[in-house]
Amino acid sequence: MHRVTLQPGREKSLRQKHPWVFSGAIAAVEGAPAAGETVAIYSADGAFLASAAWSPASAIRARIWSFDARQAIDDAFIAGRVRAAVAARAPMLDATHTGCRLVHAESDGLPGVIADRYGEVVVMQLHSAGGEAWRGSIVSALVEATGCAAVYERSDAEVRALEGMPSRTGIAAGVLPARIILLEDGLRYDIDVIAGQKTGFFLDQRQNRHRIRAVAAGRDVLDCFCYTGGFTVAALAGGARSVLAIDSSADALTRARQNVAQNGIDDARCEWRDADVFAELRKIRDGAKSFDMIVLDPPKFAPTARHIDKAARAYKDINLLALKLLRPGGLLATFSCSGGVTADLFQKIVAGAALDAGADAAIIGRFSASADHPVALEFPEGDYLKGLLVRKKA
Ligand code: SAH
């Protein structure tokens, strides 16, 4: 194994079991490890710290597999991690929930490896050189641990470029069924694993859609960034009087309509708009329309720390407009999936928006990702999804 020695003092984060080694922490590399090859990380004074996957093109130069010097990194090791992750999700799958995240990267001890299950299909994403190097073992282990008919690969995220890896999509094992249906909370969603966003669906919002469903009865709802209708279907199933759903993807809206229809919900309660939310909220404000509940679930506005200021302005903008469109006593469910925007900062942004909107409002609930998206305690970076349920004073 190639030996990688850290700068003096830079072993601290590894001693706290943080799974990343940044390029700036490295003092010396013995030989020239290949992308994804397992290296041994040592402190400046020669103590073994961890075995890790080498990522020569990335600022995160090595991602830890194990802190145990005796642990061999081989097929059996990778399969064991996959099996443990899949087994931990068993309680989250039942007759009314046929999908969940099976492997959540660093927090499941498999840096850069994502796997989502939709019925009998697993969708896999490899975002790290280490995941790429062990691709065959990961695919076999997913098939074995789940008994699923197919593994489809969606390794087409932009982060692959940071690891110097081209994108790859397609069948990795088995055959895709003609239709992939996910049951979430007993509701049916068609999943497009080939052309949908990310792996096809945003499973991280599962418990939050459930909470919205529980408070939707009788409300006029505005679902901004609705994608394939996750919150829209949940709100309608919960008895919402009407939903206006907005997204800038025509494909997503087509699927959202299908999802409403296939749950036996009358389409007359929905209105769909293919539009930019920023512009559309202004139009709605000028038209003096208002709502009893608004969901804001935008895409990641801050992909890296550099984008935080711009992202904060964008979050404030939509939250300010939403708070203006909310009727007295109305609910705002507002989310941020930007890792760089902390829960604390997000709350400050929403508070600033309320102040500028002249809205008297209070937080009555907090949202996070569902239990199938664990956050390893030593890896706070994994805590990306946060949200607030805000009630406007009556
Ligand atoms: N709430 C959804 C997931 C939202 S993902 C669910 O529960 O499944 C974010 C969505 O925002 C994507 O569908 C994307 O097409 C859409 N989007 C991104 N920028 C947008 C914009 N400026 N205006 C409208 N929609 C946008």
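Throughout what follows, the structure given in this document is the object of discussion. Going along each chain's sequence as written, the residues are numbered from 1 onward. This being a predicted model, a pLDDT of at least 70 is required before a residue's local features are given, and a value of 80 or more before pairs of side-chain atoms are given or counted; all residues contribute to the totals for chains, interfaces and linings. To obtain the side-chain values, all non-hydrogen atoms of the structure were used and water was disregarded.

Looking at the site of the ligand
The full set close to the ligand counts 16 residues, and Arg209, Asp247, Asp276, Val277 and Asp297 are the nearest of them. We define a polar contact as two N or O atoms separated by no more than 3.5 Å, with the added condition that, inside protein, one atom must be a possible hydrogen donor and the other a possible acceptor, whereas residues neighbouring each other in sequence contribute only through side-chain atom pairs. The separation between an oxygen atom of the ligand and a polar side-chain atom of Arg209 is 2.8 Å. Considering the ligand on its own, with 590 Å² of exposed area, one finds that the protein chains cover 89% of that surface. Gly is put with the polar residues, along with every residue not named as nonpolar or charged; the nonpolar set is Ala, Val, Leu, Ile, Met, Phe, Trp, Tyr, Cys and Pro, and the charged set is Asp, Glu, Lys and Arg. Here the residues of the shell around the ligand are counted per class, giving 8 nonpolar, 4 polar and 4 charged. The near set for a molecule or strand comprises every residue that places at least one heavy atom within 4 Å of it. Note on areas: Shrake-Rupley, 1.4 Å probe, and residue coverage restricted to the protein chains presented here.

Observations concerning the sheet that holds strand β4 (residues 38-42)
Strand order in this open sheet of 6 strands is β2-β6-β5-β4-β1-β3, and the pairing throughout is mixed. What marks the edges here is a single partner per strand, and that holds for β2 (20-22) and β3 (26-29). The mean inter-strand angle of the sheet, taken between neighbouring strand axes irrespective of direction, is 35 degrees. Sheet topology note: the β4/strand β5 (residues 48-54) ladder contains 5 bridges and is antiparallel. The residue bridging Ala40 from the neighbouring strand is Ser51, located in β5. The rule for pairing is simple: two strands pair if DSSP sees at least two bridges between them. Elements are defined by DSSP. Helices are runs of H or I of four residues or more, strands are runs of E of two residues or more, and each kind is numbered from the N terminus. Convention adopted: a line fitted to C-alpha atoms gives each axis, helices being fitted over their contacting stretch, and angles between N-to-C directions are expressed from 0 to 180 degrees.

Quick look at the pattern of salt bridges
Each reported salt bridge corresponds to a side-chain nitrogen of Lys or Arg within 4 Å of a carboxyl oxygen of Asp or Glu. All chains considered together, the criterion is met by 26 salt bridges. Here Arg327 makes a salt bridge to Asp220, at a shortest N to O gap of 3.0 Å. Residue Arg327 is located in strand β18 (residues 326-336), and its partner Asp220 is located in strand β14 (residues 220-224); the two are separated by 107 residues in the primary sequence. Taken together, the shared-partner salt bridges connect Glu132, Arg135, Glu153, Arg160 and Arg168 into one network.

Topic: the pairing of strand β15 (residues 242-247)
Any residue under 20% of the maximum accessible area for its type is buried, any over 50% is exposed, and the rest in between are partly exposed; the area is computed with a 1.4 Å probe on protein chains only. Taken across its 6 residues, β15 has 5 buried, putting it largely inside the fold. Examined bridge by bridge, β14 and β15 share 5 bridges and lie parallel to one another. Pairing of Asp223 across the sheet is with Ala245, part of β15. Handedness is read with the strands pointing away from the viewer; a crossover is right-handed when the path from the first strand over the helix to the second is clockwise. Note that the unit made of β14, helix α7 (residues 230-237) and β15 has a crossover that is right-handed. The parallel pair β15 and strand β16 (residues 270-274) is bridged by helix α8 (residues 250-261), and the resulting crossover is right-handed.

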